[in-house]
Every structure is written in C-alpha cells, then in structure tokens.
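Residue-level structural notes
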Amino acid sequence: MKLILLGPPGAGKGTQAKRLQESYSIIQLSTGDMLRAEVDSGSALGAQAKEVMESGELVSDELIIKMISSRIDKDDCKAGFILDGFPRTTPQAEALDVMFDEKGLKLDCVIEMQVDDEAMVERITGRYTCSACGRGYHDSFKKPDVEGVCNKCGGTEFSRRADDNAETVRSRLQAYNEQTAPIISYYGNKGILKSIDGMAAIDDVTKQMKDLIG
Ligand code: AMP
C-alpha cells in the first residue's frame, strides 16, 4: 500500500503515519525527518537545507525529489510506504507520478487532514520530544506523567525543533497555503483524494484513516 498524508504543519501527519506504520506494516517516509538527519550528520545536503528549513521555506524540488526517489528504492519500502511531508509542490507531485510510472508502482490513496490554521500555531509551538527515544509531548495537551521525565524511557532530556517557533510556523503555514494546498485539487482531479477531520482527537483521526484505507 502506498499512501500520501497531506496537511499543514502541525496537522498530525507524523503522529498518524507512525500509527499506520505499525498497523499496516508499511514504512513512514518523512522528508522533514530525512532532512533533519542530514542536518545532524553534517552532510553537504544538510548544510544546504539547514538555513531554508529554519526560515520556514521549502528546500528545492530537485533536492527533495532525488532524495525520495532513492529512498523508495530501498528494500524496507517494498511492502509499502506512507509519504509524510512529500509532495509539497505541484512539480513534486508531477515528479512523483513519473517516478511511480518508472518504478512500476501505484499510488493507492491521498488523505487530506483538514485542520484550522490558527490551532496549528499553538499545537506546533508547544511540542517537544524526548531526546533519547523521540516520544512526543506538548506544553498544554500532553505533558509527561512525571514532570521532566519521559513516560516511555525515563529520559530527562527533551528537545524542540529549531523551526517550531511562532515566527517560523507562520512562514511554514504560508508556504503550505501557497505551494502545497494546490496539490489537493491535483489529487482530487485524479479521483484518489479522501479528506478527514484532523481536528478530532488523535485516536478518532486514526480511526477515520483506517476506515478509509480499509
Ligand atoms: P516537516 O518536518 O515536514 O515539517 O518539514 C520541515 C521542513 O523541511 C520544511 O519546513 C521544509 O523546509 C523542509 N521540507 C520537508 N519536506 C519538504 C518537501 N517535500 N519539499 C520541500 N521542503 C521540505
């Protein structure tokens, strides 16, 4: 199964992709996570992407398309994958079509998570993760049971993404509305677009997705 999750930053694509990954044994491919790993590793690609990411803008289509094309070829993608954060522009969506044709793959479904932009600023600026295990928390919505201690691994170090501040979030939302939102109708015209209410509780969003996927 090959899926795309579409939605603005903060919609919950990553959270839901991780849940679908476990339920369907398909792998989450997050271009944001891949880029952050490149930045952390100090690679040339990471150095190229770092500044753009911190400004809330989009890195070049060419770089992203190459990165995702070679990632899809890896063995762990054979059983299927969930694209989280890609495509984000019309040229990326068109390149993905060409890529799928060339690789003999078929896109099963595109799920659009409908959310309210203003709520996204609060969701994103409050989020942080355990540095040891990656478990996600939120200042208002999901604190650890014991303050300062990760529920999952007991870790006491937490980190926030460099681009999760209010100013950058506004740029990211603007980039989404200007450059990514147009691909909703691109997939609508192909007849493979499904929409769900992304403002519902996390478990309910997962259920809506599973009902769609079957
Ligand atoms: P995300 O983790 O999906 O919120 O992505 C974080 C940042 O990585 C974005 O704000 C962009 O700067 C960059 N990025 C991730 N995916 C893409 C993409 N498909 N196209 C361009 N830039 C991307």
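What comes next concerns the included structure. Note that the structure is predicted; figures quoted are calculated from it, not measured.

It is worth spelling out the packing of helix H2 (residues 31–41) against helix H3 (residues 44–55) at this point. For any two helices packed against each other, one specifies the crossing angle of their axes together with the interaxial distance. Two elements in contact, H2 and H3, have axes whose closest approach is 8 Å; the angle formed by their N-to-C orientations is 115 degrees. Classified by chirality, the crossing of H3 by H2 is left-handed. Seen from H2, the contacting residues are Gly-32, Leu-35, Arg-36, Glu-38 and Val-39; seen from H3, they are Leu-45, Gly-46, Ala-49, Lys-50 and Met-53. When the residues that make up the contact of H2 with H3 are grouped by side-chain class, the tally is five nonpolar, two polar and three charged.

Spatially, five strands are ordered E2-E3-E1-E4-E8 in an open sheet, and the strand pairing comes out parallel. Looking at which strands have only one partner, the edges of the open sheet turn out to be strand E2 (27–30) and strand E8 (193–197). Sheet twist, expressed as the mean angle between neighbouring strand axes with direction ignored, is 25 degrees. Here E2 runs beside strand E3 (residues 81–84); their pairing, made up of four bridges, is parallel. Considered in E3, the bridge of Ile-27 is made with Phe-81. Helix-sheet contacts for H2 involve E2 and E3, and the interaxial angle to E2 is about 65 degrees.

Attention shifts here to the site of the ligand. Thr-31, Arg-36, Glu-57, Gly-85 and Gln-92 are the nearest of the 16 residues found near the ligand. Within the side chain of Arg-36, a nitrogen or oxygen atom sits 2.9 Å from an oxygen atom of the ligand. Arg-172 has a polar side-chain atom sitting 3.4 Å from an oxygen atom of the ligand. Starting from 480 Å² of accessible surface for the ligand in isolation, the protein chains cover 96%.

Take the pairing of strand E5 (residues 127–130) next. Both faces of the sheet carry side chains from a regular strand, because those side chains alternate between them. Pairing of E5 with strand E6 (residues 136–138) involves three bridges; the strand directions are antiparallel. In the strand pairing of E6, Thr-129 is matched with Gly-136. Joining the antiparallel neighbours E5 and E6 is a turn of five residues, in which Gly-134 adopts a positive phi near 85 degrees.

Before going further, it helps to spend a moment on unusual backbone geometry. The residue after Phe-86, namely Pro-87, is reached through a cis peptide bond having omega -5 degrees. For Ser-25, which is not glycine, the phi dihedral falls at a positive 55 degrees. By the element assignment, Ser-25 lies in the loop between helix H1 (13–24) and E2. A relative accessible area of 56% places Ser-25 in the exposed class.

Criteria and cut-off values
- Residues numbered from 1 in each chain as written.
- Predicted model: local features only at pLDDT ≥ 70, side-chain atom pairs only at ≥ 80, totals over all residues.
- Heavy atoms only, no water.
- Axes fitted to C-alpha atoms, helices over the stretch in contact; angles between N-to-C directions.
- Helix = DSSP H or I, 4+ residues; strand = E, 2+ residues; numbered from the N terminus.
- Left-handed = near helix turned anticlockwise from the far one by under 90°.
- Contact = heavy atoms within 4.5 Å.
- Nonpolar A, V, L, I, M, F, W, Y, C, P; charged D, E, K, R; others polar.
- Pairing = 2+ DSSP bridges.
- Near = heavy atom within 4 Å.
- Polar contact = N/O pair within 3.5 Å; in protein donor to acceptor, adjacent residues only side chain to side chain.
- Areas by Shrake-Rupley, 256 points an atom, 1.4 Å probe, with all protein chains shown as cover.
- Buried < 20%, exposed > 50% of the residue type's maximum accessible area, 1.4 Å probe, protein only.

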